[in-house]
Amino acid sequence: MQTGVIGIIGGSGFYDLPGMEEGRTVEIDTPFGKPSDPVVMGRIGGREVAFISRHGKGHRINPTNVPVRANVFALKALGVTHLVSVSAVGSMKEEIEPLHMVIPDQLYDRTVHRPRTFFDEGPPVVHVAFAEPYCEHLREAAIKAAEGAGATVHKGGTYICIEGPQFSSRAESLTYRAWGMSVIGMTALPEARLVREAEMCYATLAMATDYDTWHPDHDSVTVDLVVQNLTRNVQRAKDTLAALIPMIADSRDCTCGDALQNAIMTAPDLIDDSTRERLRPLIGRYFT
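None of the values given here were measured: they were computed from a predicted structure.

Concerning the overall build of the protein
And step 1. If you tally the helices and strands in the protein, you get seven helices and 11 strands.
And step 2. Its C-alpha radius of gyration of 18 Å places the protein within 12% of the 19 Å reference for a compact globule of 288 residues.
And step 3. Overall, the protein is about 60 × 40 × 35 Å in size when its C-alpha atoms are taken along their principal axes.
And step 4. Buried positions account for 55% of the 288 residues belonging to the protein.
And step 5. Here the analysis covers contacts within the protein between residues at least 6 apart in sequence; of these, 81% occur between residues at least 24 apart.
And step 6. Counting only carbon and sulfur atoms, one obtains 48% of the accessible surface of the protein, whose full area is about 12500 Å².

So, the layout of surface pockets
And step 1. Taken as a whole, the second largest pocket holds about 210 Å³ of empty space.
And step 2. Around the second largest pocket, the lining is made up of 13 residues, and of these Ala129, Glu132, Arg196, Thr255 and Cys256 lie nearest the centre.
And step 3. Among the residues making up the lining of the second largest pocket, the classes are represented as eight nonpolar, two polar and three charged.

A look at the pairing of strand 4 (residues 47–53)
And step 1. With respect to burial, strand 4 is a largely interior element, six of its seven residues being buried.
And step 2. One ladder, built from five bridges, connects strand 1 (residues 5–10) with strand 4; its direction is parallel. Paired with Gly7 across the bridge in strand 4 is Ala50.
And step 3. With five bridges joining them, strand 3 (residues 39–44) and strand 4 adopt antiparallel strand pairing.

A closer look at the nonpolar core
And step 1. By size, the foremost hydrophobic cluster in this structure holds 48 residues, and its most contacted members are Val72, Leu75, Phe118, Phe119, Met200, Leu282 and Ile283.
And step 2. The element that contributes the greatest number of residues to this core is helix 1 (residues 68–77), accounting for six residues.
And step 3. Filtering out sequence-adjacent residues up to four positions away, Met200 remains in contact with Val72, Leu75, Lys76, Val80, Thr81, Leu83, Val195, Arg252 and Cys256.

Concerning the environment of Leu75
And step 1. The topology assignment puts Leu75 in helix 1.
And step 2. Looking at Leu75, the relative accessible area reads 0%, which means it is buried.
And step 3. Linking Leu75 and Ile96, residues 21 residues apart in sequence, is a C-alpha distance of 31 Å.
And step 4. Here Leu75 is in contact with Ile9, Val39, Ala50, Ile52, Val80, Leu83 and Met200, once residues within four sequence places are set aside.

Section: unusual backbone geometry
And step 1. With an omega of 5°, the peptide bond between Gly164 and Pro165 qualifies as cis.
And step 2. Turning to its location among the elements, Pro165 is positioned in the loop between strand 9 (158–162) and helix 3 (170–178).
And step 3. Residues Leu189 and Pro190 are joined by a peptide bond in cis, for which omega reads 10°.
And step 4. We note that Leu99 has phi near 85°; this positive angle belongs to a residue other than glycine.
And step 5. Tracing the backbone shows Leu99 in the loop between strand 5 (80–91) and strand 6 (101–103).
And step 6. Taking the relative accessible area as the measure of exposure, Leu99 reaches 23% and is therefore partly exposed.

Things to note about the environment of Pro18
And step 1. Position of Pro18 among the secondary structure elements: in the loop between strand 1 and strand 2 (21–26).
And step 2. The class of Pro18 is partly exposed, set by a relative accessible area of 48%.
And step 3. Here the alpha-carbon distance between Pro18 and Pro124, two residues 106 residues apart in the chain, equals 40 Å.
And step 4. If sequence neighbours within four positions are ignored, Pro18 has contacts with Ile44 and Lys238.

Structural notes on a negative patch on the surface
And step 1. Negative charge collects at one region of the surface, where Glu94, Glu95, Glu97 and Asp217 lie side by side.
And step 2. Residue class for Glu94 comes out partly exposed when judged on its relative accessible area of 42%.

Some thoughts on empty space enclosed by the protein
And step 1. According to the stated counting rule, one finds one cavity of 30 Å³ or more in the structure shown.
And step 2. In this structure, the largest cavity occupies an estimated 50 Å³ of space.
And step 3. Taken together, Gly11, Ser12, Phe14, Val86, Ser87, Ala88, Met207, Leu230, Asn233 and Val234 make up the full set of residues lining the largest cavity.
And step 4. Listed by contribution, the elements that provide at least two residues to the lining of the largest cavity are strand 5 and helix 5 (223–247).

Basis of the calculations
- Residues numbered from 1 in each chain as written.
- Predicted model: local features only at pLDDT ≥ 70, side-chain atom pairs only at ≥ 80, totals over all residues.
- Heavy atoms only, no water.
- Helix = DSSP H or I, 4+ residues; strand = E, 2+ residues; numbered from the N terminus.
- Rg over C-alpha atoms; globule rule 2.2 N^0.38 Å.
- Buried < 20%, exposed > 50% of the residue type's maximum accessible area, 1.4 Å probe, protein only.
- Contact = heavy atoms within 4.5 Å.
- Areas by Shrake-Rupley, 256 points an atom, 1.4 Å probe, with all protein chains shown as cover.
- 1 Å grid on protein atoms, 1.4 Å probe; cavity = no way out; pocket = protein on both sides within 12 Å on 5 of 7 lines; lining within 4 Å.
- Points joined across faces, edges and corners; volume = space filled by probe spheres on them.
- Nonpolar A, V, L, I, M, F, W, Y, C, P; charged D, E, K, R; others polar.
- Pairing = 2+ DSSP bridges.
- Core = buried A, V, L, I, M, F, W, Y, C linked by side-chain atoms within 4.5 Å.
- Patch = residues over 30% accessible without salt bridge, like charges linked within 9 Å, V, L, I, M, F, W, Y side chains within 5 Å.
- Salt bridge = Lys/Arg side-chain N within 4 Å of Asp/Glu carboxyl O.
- Lys, Arg positive; Asp, Glu negative; His and termini not counted.
- Charge placed at Lys NZ, Arg CZ, Asp CG, Glu CD.

Here it is, written out as structure tokens:
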């Protein structure tokens, strides 16, 4: 399967992607509303790239209200096959210091108010496999790119995603740490679930800004503390992406691109034409 457009979702503090050639802004609507911001498309390192700011320029949208379905659907409709998420996180482990980068390999969901699927109005009823939420091939490329960009990289770990928008209580933070979590954030889910339904490869650059609230020798997380470390983290993330984009293979042999192949449970004759058309970028190739 050929690689298409490479998508980038910028998190807190990451509101633009410099260095694009032939840049253009794309306004797009979806069955799930408008994305957080217009999508900016162009070329980096000879590859076609689509960028969207998760919270909108100026950080207008809180984590619960990010239109995740619209964001992912829009990128899918624009031909994205690989999606790299950049996310500010708190560290749950002593060895993951602020300004370090984690390329997680697992997720733990503590969100409660967010739509988790494109198919909640069914039919069709869809059950995608999610045991391994990240694409191993894209993760490996991201690790190499981050190391090449000079980042201190932690290869693997579990990202626990909380609802927010408040930071954790100390009791919660200590509990998550006891569970073995590596980093904590507010945006990886349901993003990763929806990306799997959209049959994209997915990886996260998790940029540590603080030690959450658990660490006895460090101040508890505050907006001021996060902002202090965001600028340095964002530049390192941009350097990593500049190295990563040309490294992504021209074709993919992972299973991400066929995630729906055996996941659609509903008989084809029970899926009406209007639903097929509404969700065509997602399921169209299975109902020709």
